[in-house]
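Take a look at the letters that make up each chain.
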Amino acid sequence: MPYPHFDALLAEAARLPPVSVAVVDATEEHVLRGACDAQAQGFLEPILIGDPTILEPLLRRLEQDCPAARNAQIVAAASAEEAAELGVELVEKGRAQALMKGHLHSDTFLHPILAKLRTKQRLSHVFVTDIDTYPKLLLISDAAINISPDLATKAAILQNAIQLARILGVDEPKAAILSAVEVINPAIPSTIDAACLSKMADRGQIEGALVDGPLAFDNAISKEAARIKGIRSSVAGDADILLVPDLVSGNILAKDLEYLAGASLAGIVLGAQVPIILNSRADPARARLVSAALVALIQHQEVKP
Ligand code: COD
């Protein structure tokens, strides 16, 4: 992987032209700081959507240590719902090349996107994680949009994650389909889906990756754990992508890594007409900065066929 950690990814994005990003409901300090830091690094040109009576005083405060805030464009919106609609409109008019979720609930943000910016792909979220104890970036999907995906939805989520891994320079990413065990147990439906996904990849129904599952988390990321359990797999112990069974388990995994293992996380939504930065409202500014760098890489992607 050319970007084993976020620093390398940030350095690459800094070489690219900035992307115009509509920040939907930018009326909160962390959101503004993330957008401003990304603007200062040259990753994006923000268009800030929100109530100007809240935005303008926040911007004046921020200008002191982020002078880029002085040049921000503002689009007035009276509510979060209106901000979400205006963000979509900016994309439709070609003024924004990407969207960033600000200080609003995910469903309020996503509804107009699902209504107007869908493509043939499924919308899905990928956490890109940088963990000190793992030698490369680890992609986790879907821990934020698709709540209880069925097999077809899991295949679509996996294909999106593979696309991102390839944009990040991994020609043939290794995708581990997670469950609680590495054998098929009809009483654990995610093991059956995992086996089907592996076979779908063998048959070319999922393309561009080595796919194996079911694998438990330890076997997916530790060669030693896989060896002790006698698992022969080209993916086990060396995964680039973890496909999780559902939103709840994936969300717990990602936040465990962040809060207990000190991982840094960036969040991105793929499958809409434009890439979407989607971070949790409690995320630090760096999460938004790395997500903005990812958007720059996606926008200027050169993936081998
Ligand atoms: N991709 C493409 N189309 C979709 C998707 C998707 N991911 N999800 C729904 N659709 C389509 C459906 O096919 C349908 O045509 C239409 O959109 C409405 O479908 P519903 O009624 O199933 O969808 P909603 O509007 O009830 O829910 C969609 C959300 C994405 C809002 C919902 O799945 C959701 O709330 N997800 C969790 C978001 C969240 O809270 N994340 C935070 C956790 S960190």
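Heads up: the structure comes first, above all this text.
Residues numbered from 1 in each chain as written. Predicted model: local features only at pLDDT ≥ 70, side-chain atom pairs only at ≥ 80, totals over all residues. Heavy atoms only, no water.

## Focus on the overall build of the protein
Within the protein, the secondary structure is distributed over 11 helices and 11 strands. Against the compact-globule benchmark of 19 Å for 305 residues, the protein has a radius of gyration of 19 Å, which places it among compact chains. With respect to the principal axes defined by its C-alpha atoms, the protein has extents near 60 × 35 × 35 Å. Counting the 305 residues in the protein, one finds 55% classified as buried. (Helix = DSSP H or I, 4+ residues; strand = E, 2+ residues; numbered from the N terminus. Rg over C-alpha atoms; globule rule 2.2 N^0.38 Å. Buried < 20%, exposed > 50% of the residue type's maximum accessible area, 1.4 Å probe, protein only.)

## Thoughts on the pattern of salt bridges
Following the criterion strictly, the structure yields 12 salt bridges and no others. With its nearest N and O atoms 2.9 Å apart, the salt bridge here joins Asp193 to Lys154. Of this pair, Asp193 sits in helix H7 (residues 189-202) while Lys154 sits in helix H6 (residues 151-167), and the two are 39 residues apart along the sequence. As far as burial versus exposure is concerned, Asp193 and Lys154 are alike and both buried. Glu182 serves as the salt-bridge partner of Lys229, at 3.9 Å between the closest nitrogen and oxygen. Taken as a pair, Lys229 in the loop between helix H9 (223-228) and strand S9 (241-243) and Glu182 in the loop between strand S7 (174-178) and H7 lie far apart in primary sequence, 47 residues in all. Taking relative accessible area as the criterion, Lys229 reaches 42% and is therefore assigned partly exposed. (Salt bridge = Lys/Arg side-chain N within 4 Å of Asp/Glu carboxyl O.)

## Some points on empty space enclosed by the protein
A full pass over the atoms with the stated rule returns one cavity of 30 Å³ or more. By volume, the largest cavity amounts to about 40 Å³. As for the largest cavity, its lining consists of Leu32, Ala35, Cys36, Gln39, Pro46, Leu48, Leu59, Leu62, Ala69 and Ala72. The set of elements that each furnish at least two residues to the lining of the largest cavity consists of helix H2 (29-40), strand S2 (44-50) and helix H3 (52-63). Per element, the largest residue contribution to the lining of the largest cavity is four residues, and it comes from H2. Looking at the lining of the largest cavity residue by residue, the class counts come to nine nonpolar, one polar and no charged. (1 Å grid on protein atoms, 1.4 Å probe; cavity = no way out; pocket = protein on both sides within 12 Å on 5 of 7 lines; lining within 4 Å. Points joined across faces, edges and corners; volume = space filled by probe spheres on them. Nonpolar A, V, L, I, M, F, W, Y, C, P; charged D, E, K, R; others polar.)

## Some thoughts on the layout of surface pockets
Of the voids in this model, the largest pocket is the one considered here, and its volume is about 280 Å³. If you trace the largest pocket, you find 13 residues lining it, with Leu114, Arg122, Leu123, Ile145 and Asn146 closest to the centre. A per-class count over the lining of the largest pocket returns five nonpolar, four polar and four charged.

## Notes on the packing of H2 against helix H11 (residues 285-299)
Contact geometry for H2 and H11: axes closest at 8 Å, N-to-C directions at 45°. What the angle tells us is that H2 and H11 run oblique. Crossing of H2 against H11: the hand is right-handed. Residue-level contacts link His30, Val31, Arg33, Gly34, Asp37 and Ala38 of H2 to Ala285, Arg288, Leu289 and Ala292 of H11. Of the residues belonging to the contact of H2 with H11, the class tally is five nonpolar, two polar and three charged. (Axes fitted to C-alpha atoms, helices over the stretch in contact; angles between N-to-C directions. Parallel < 35°, antiparallel > 145°, perpendicular 65-115°, else oblique. Left-handed = near helix turned anticlockwise from the far one by under 90°. Contact = heavy atoms within 4.5 Å.)

## Things to note about the site of the ligand
Lining the immediate surroundings of the ligand are 13 residues, of which His111, Arg118, Leu123, Ala144 and Ile145 lie closest. Residue Leu123 places a main-chain N or O atom 2.9 Å away from a nitrogen atom belonging to the ligand. Between a nitrogen atom of the ligand and a main-chain N or O atom of Ile145, the distance comes to 2.9 Å. For the shell around the ligand, the residue count by class is six nonpolar, four polar and three charged. (Near = heavy atom within 4 Å. Polar contact = N/O pair within 3.5 Å; in protein donor to acceptor, adjacent residues only side chain to side chain.)

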